[in-house]
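# Results of the structural survey
Below, each chain spelled out in residue letters.
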Amino acid sequence: MAQRITIDPLTRIEGHLRVDVEVDGGEVTKAWSSGQMFRGLENILKGRDPRDAWLFVQRICGVCTTVHALASVRSVEDALKLEIPKNAQYIRNLVQSIHALHDHIVHFYALSALDWVDVVSALDADPVATSKLAETLSDWPGNSSKRFQAVKDKLKGLVASGQLGPFANAYWGHPAMKLPPEANLMAVSHYLEALDYQRKATQAYAVISGKNPHVQNLSVGGVTAAINPDSDSTLNVERLYMVKQLVEEVRGFINNVYLTDVVAVGALYKEWLPYGAGVTNYLAAPDMPTDGAATQFDLPGGTVMNGDIGSVKPISNLSDDYFKSNVEESIARAWYDGDWSKHPWEESTDAKYTDFEPEGKYTWLKAPRFEGKPMQVGPLAQMVVGYAQGHEMTVRNVDAALSKISAVAGVNVGPEILHSTIGRHAARAVRASMMAELALKHWDLLINNIETGDLEIFNPPTFPKGEQRGVGVHEAPRGLLSHWCVIQDGKIKNYQCVVPSTWNGGPRDAEGQPGPYEASLLGNPIADAEKPLEVLRTIHSFDPCIACAVHMLDPEGKEVVKVKAL
Ligand code: NFE
Ligand code: MG
């Protein structure tokens, strides 16, 4: 007999995601992903000045600050065909890459590691053996037996006090937890260290972007970060070196701790490699432009269909027709008025709530489709699309990670393992490493350009009479983000955000095709239906953000909790 489980909320922060699964014979046979909140930011923008839009839309999310701001200024610049100065491009690239470093570290440690790591089991670990294990993975100075002993003592203190703090409320002792005590202690120690490196990333972000969270120095046409190498009140050489120093420290943590922890978790849970692929159509945007006009990029974009890397098609710029003409959103199964599927420039956002109807409408998320197909977006999509195009940096980093996983797992694994729950974690850690390398590269580009005497940061926009349409594309930490604007006589006539967590967490469409979260759950093992840890593993691997996905709050939100999953 199939059993129905409702998990609400499912996320550790940025909640409002409800997932329902049917479990039969110990595995998931049906799944529904439901965004439970509505805010309507797209409607708030109507009639406003397009130069102000980025400040409103950036408030869509407190996790991926930055990304909506960037997509917004890009969409208006695309509508006006406005180039930005090189310095502005490099400063934006620094802002986005440093934000990504923070975001990816937070995701692994704070938002998902405890799905795999049993904190209570760490109390049984031998600190000397833990240090030996950690030293086989990297030579990080934080991996001494003294450090692990101190963390074990701290954990004991937390348990004795009855206040577990960040480690309260999880599925400790669950039968699907498989790491040996030493791996658990190593991960708990790194969890605590991650807090320091999050702070360093945040510091670097605040210096380069004016404020954290939420970048303060963007502008349609460039940035407002005045550059004068010798002034104390502008972006100067001293501040730039402070940013570089902090990024180098964060990069050390990513390469020696985050990446190796993901390798260890992936290898020690190798029985999980077959689970969680779901939708293997991938979509990624090109990003990190290396020139003011954004014709060349350090991260490639494109599509891969059905997991077949031979099917790769590039998306080569921020206004690529192949991308622009093939995106639609369906509201057939979402709480909006109608059942249409429309291109974002033609869409509306007219809320019409019914109830959770498994065979009807059941979410605030629209269902984005590309050429009518559901697409997975995110670091994994970016890795697959880059790998398929032979992109040097992607191939080098993905191959290095796969060979490390193979070494620890004791079996040879190839890129096919990436189509999985664990593959999404591996791809995100690899992306974090690449973003750290690119942050330093774009720091060099910025300094070298300033040294030529170029201090330009802004090209002023002018708004002609009539209608202009633009799209702002950006590869955010959770995947491809696009903002679509229609400007009429200098005012916003329509504005639509098609967001990474909407691509991944959206519902079925009129044809009944499930979205990536839904598809990825099918076939997942469920050891204990009262404690559906496995569902959390797979959904958290996407790094869900429902504030982003619906960008909309139902103040009357009904209580539907059946299982509390933290
Ligand atoms: Ni609120 Fe965000 C966007 C999503 S980015 S987290 O856009 O989805 O990674
Ligand atoms: Mg939207």
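Described in the following lines is the structure provided in the data block. Nothing here was measured: the structure is a model prediction, and the numbers come from that model.

Right, let's talk about the overall build of the protein chain for a bit. Within the protein chain one finds 16 helices and 16 strands. For 566 residues, the compact-globule formula gives about 24 Å, and the C-alpha radius of gyration of the protein chain, at 23 Å, lands near that figure. Taken along the three principal axes of its C-alpha coordinates, the protein chain extends 70 × 60 × 50 Å. Within the protein chain, buried positions represent 62% of all 566 residues. Carbon and sulfur atoms make up 52% of the accessible area of the protein chain, which amounts to about 19800 Å² in all. In the protein chain, 53 positive and 68 negative side-chain charges are present, and the distance between their average locations comes to 2 Å.

In this model helix 7 (residues 181-209) runs 41 Å from its N-terminal to its C-terminal C-alpha over 29 residues, within 8% of the 42 Å that 1.5 Å per residue would give. At E193, helix 7 shows its largest bend, some 25°. The buried fraction of helix 7 is high, at 21 of 29 residues. Once helix 7 finishes, G210 follows within two positions and takes phi at roughly 95°, a positive value.

Once that is clear, we can look at the site of ligand 1. Taken together, 13 residues form the shell around ligand 1, and within it C61, C64, R478, C545 and C548 come nearest. Between ligand 1 and the protein, one listed contact pairs an oxygen atom with a side-chain N or O atom of H68 at 3.1 Å. R478 is positioned with one of its backbone polar atoms (N or O) 2.6 Å from an oxygen atom of ligand 1. Of all the elements in the fold, those that place two or more residues in the shell around ligand 1 are helix 3 (67-80) and helix 13 (500-505). Here the residues of the shell around ligand 1 sort into 10 nonpolar, 2 polar and 1 charged.

Turning next to the side chain of S433. Structurally, S433 can be placed in helix 12 (residues 421-451). A relative accessible area of 6% means that S433 is categorised as buried. Contact partners of S433, with chain neighbours within four places excluded, come to I254, N255, L259 and N397.

The rules behind the values
Residues numbered from 1 in each chain as written. Chains lettered and ligands numbered in written order. Predicted model: local features only at pLDDT ≥ 70, side-chain atom pairs only at ≥ 80, totals over all residues. Heavy atoms only, no water. Helix = DSSP H or I, 4+ residues; strand = E, 2+ residues; numbered from the N terminus. Rg over C-alpha atoms; globule rule 2.2 N^0.38 Å. Buried < 20%, exposed > 50% of the residue type's maximum accessible area, 1.4 Å probe, protein only. Areas by Shrake-Rupley, 256 points an atom, 1.4 Å probe, with all protein chains shown as cover. Lys, Arg positive; Asp, Glu negative; His and termini not counted. Charge placed at Lys NZ, Arg CZ, Asp CG, Glu CD. Expected span 1.5 Å × (residues − 1). Bend = angle between axes of the 7 residues up to and from the residue. Near = heavy atom within 4 Å. Polar contact = N/O pair within 3.5 Å; in protein donor to acceptor, adjacent residues only side chain to side chain. Nonpolar A, V, L, I, M, F, W, Y, C, P; charged D, E, K, R; others polar. Contact = heavy atoms within 4.5 Å.

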